[in-house]
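Observations on the three-dimensional arrangement
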Amino acid sequence: MTTPRIHVGPNENSALADAVTRAGGIVSSLNEADALVWTAGPDSFPTELPDNVRWVQLSSAGVESWLQAGIVDTRRTWTSAAGAYSRTVAQHAIMLLLAGVRHLPEQLDAVSWRKDEFDPRVGTLDGSTVAIVGCGGIGRALIPFLHAAGARVLAVTRSGVPVDGAAETTTADRVDEVWSRADHFVIAAPATSATAHLVDTSALNQMHHTTWIVNVARGSLIDTDAAVDAARDGVIGGLALDVTDPEPLPDSHPLWTLPNAIITPHVANPASGLASALNAHVARNIEKFAAGTPLDAVIDVDRGY
């Protein structure tokens, strides 16, 4: 096992430096580094990296902006933070789903006792089927929460390899068969050209009139106009979105006034927990890098994530 030299950029970060040291690495200059941990976005990334840098760790789970900028190359290994923030995002997802199914927003807005109106409309996850579309780290962290609520899980993944805790796992290329089979959906897939508007008019029309759709991935996965129409017209039960398209969502957008829409401003992965989760993820990867074992969250340029 070698001692890897790690450069942290673009700015000094004492907590991340401590994580590097605890994982057995040495914080070094970029010109001497075996690996680079980058905590900012692609706009300030170096135009060229020294040949000695064999691995680059990014701080974001989504990497579409990096790929669009053409920065991620095939000369070295690149890893994202996919999976680092899974538990906190899963917590947000179950909160949104329960709030929607139990019609919480309308009850919070009420200024009078309207039990006879609300009671028949309050649903439950007990005995329901929830499909997790893109059942990666977030989906796997969400499954125990869904089980606790009494839900059955249908997982959709690229490979179709059975997911622990899911009653059934199907491949992404068969997702069109899933829209009519689940009571509710959590969208957690990566944003790629292949997943743009994954939830479109056709998908929405196959869902139940009580279905809630939660999106904690990227806004581009849902055709926003089609989803607004479906929620407004009662084709589905409602939308609970932490990400939107466009984002930020304009003040005048109809989603703000739909009674069966819940919008949170991309806070499923809150700033309060970012640093500690990233530091732990980086430390794990440094240990694997030093041992020569496969790293977590390796970016595949061809797949787009």
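Residues numbered from 1 in each chain as written. Predicted model: local features only at pLDDT ≥ 70, side-chain atom pairs only at ≥ 80, totals over all residues. Heavy atoms only, no water.

Focus: the overall build of the protein chain
Under the convention used in this document: By the criteria applied, helices consist of DSSP H or I runs no shorter than four residues and strands consist of E runs no shorter than two, each listed in order from the N terminus. Only C-alpha atoms enter the radius of gyration; for comparison, a globular chain is expected to reach 2.2 Å times N to the power 0.38, where N is the number of residues. Only protein chains enter the accessibility calculation, which uses a 1.4 Å probe; a residue whose area is less than 20% of its type maximum is buried, one above 50% is exposed, and one in between is partly exposed. The contact definition used throughout considers only heavy atoms, calling two residues in contact when any of these lie within 4.5 Å. A residue counts as positive if it is Lys or Arg and as negative if it is Asp or Glu; His and the chain ends are not included. By convention, the charge on Lys lies at NZ, on Arg at CZ, on Asp at CG and on Glu at CD.
Scanning the protein chain from terminus to terminus reveals nine helices and 12 strands. Radius of gyration (C-alpha) of the protein chain: 21 Å, near the 19 Å computed for a compact globule of 305 residues. Projected onto its principal axes, the C-alpha positions of the protein chain cover 70 × 40 × 35 Å. Within the protein chain, buried positions represent 48% of all 305 residues. In the protein chain, the proportion of contacts linking residues at least 24 apart, taken out of those at least 6 apart, comes to 57%. Both charge centroids of the protein chain, one from 20 positive and one from 34 negative side chains, sit 7 Å from each other.

With respect to the packing of aromatic side chains
How we decide: The aromatic pairing rule takes the rings of Phe, Tyr and Trp, using the six-membered ring of Trp, and pairs them if the centres are within 6.5 Å, calling planes under 30 degrees apart stacked, those over 60 edge-to-face and the rest tilted.
By the definition in use, this model includes five aromatic pairs. Look at Trp-38 and Phe-45: their rings are 5.1 Å apart centre to centre, the planes differ by 80°, and that puts the pair in the edge-to-face class. The same class applies to Trp-38 and to Phe-45, which are both buried. Between the aromatic rings of Trp-179 and Phe-185, the centroid separation amounts to 5.2 Å while the plane-to-plane angle is 55°, which identifies the pairing as tilted. The buried category is assigned to Phe-185, whose relative accessible area is 0%. Within the aromatic cluster, the residues linked to one another by ring pairs are Trp-38, Phe-45, Trp-66 and Trp-78.

Let's talk about the side chain of His-281
One can find His-281 in helix H9 (residues 271–291). Once residues lying within four places of it in the same chain are set aside, the contact partners of His-281 are Gln-57, Ser-80, Ala-81, Ala-82, Ala-84, Asp-296 and Ala-297.

Some words on the nonpolar core
Applicable threshold: Only buried residues count toward a nonpolar core. Its members are Ala, Val, Leu, Ile, Met, Phe, Trp, Tyr and Cys residues joined through side-chain atoms within 4.5 Å.
With 46 residues, the main nonpolar core has Leu-97, Leu-142, Leu-146, Val-214 and Val-216 as its most contacted residues. Counting residues per element, this core draws most heavily on helix H3 (residues 86–101), which supplies eight residues. Setting aside anything within four residues of it in sequence, one finds Leu-142 in contact with Ala-90, Ala-93, Ile-94, Ile-132 and Val-186.

Examining the environment of Leu-204
Tracing the chain through its elements places Leu-204 in helix H7 (residues 201–205). For the pair formed by Leu-204 and Ala-217, sequence separation is 13 residues and the distance between their alpha carbons is 18 Å.

Some points on unusual backbone geometry
Cis peptide bonds are those with omega within 30 degrees of zero, and the linkage from Gly-9 to Pro-10 qualifies with 5°. Structurally, Pro-10 can be placed in the loop between strand S1 (5–9) and helix H1 (14–22). A cis amide bond links Asp-245 to the next residue, Pro-246, at an omega of 10°. Of note, the phi angle at His-103 is positive, near 50°, even though the residue is not glycine. Summarising the element assignment, His-103 is placed in the loop between H3 and helix H4 (104–109). Even without a glycine there, the phi angle at His-197 is positive, about 55°. Relative to the elements of secondary structure, His-197 occurs in the loop between strand S9 (184–187) and H7. By relative accessible area, His-197 is classed as partly exposed at 36%.

By themselves, these figures tell us nothing about what the structure is for.
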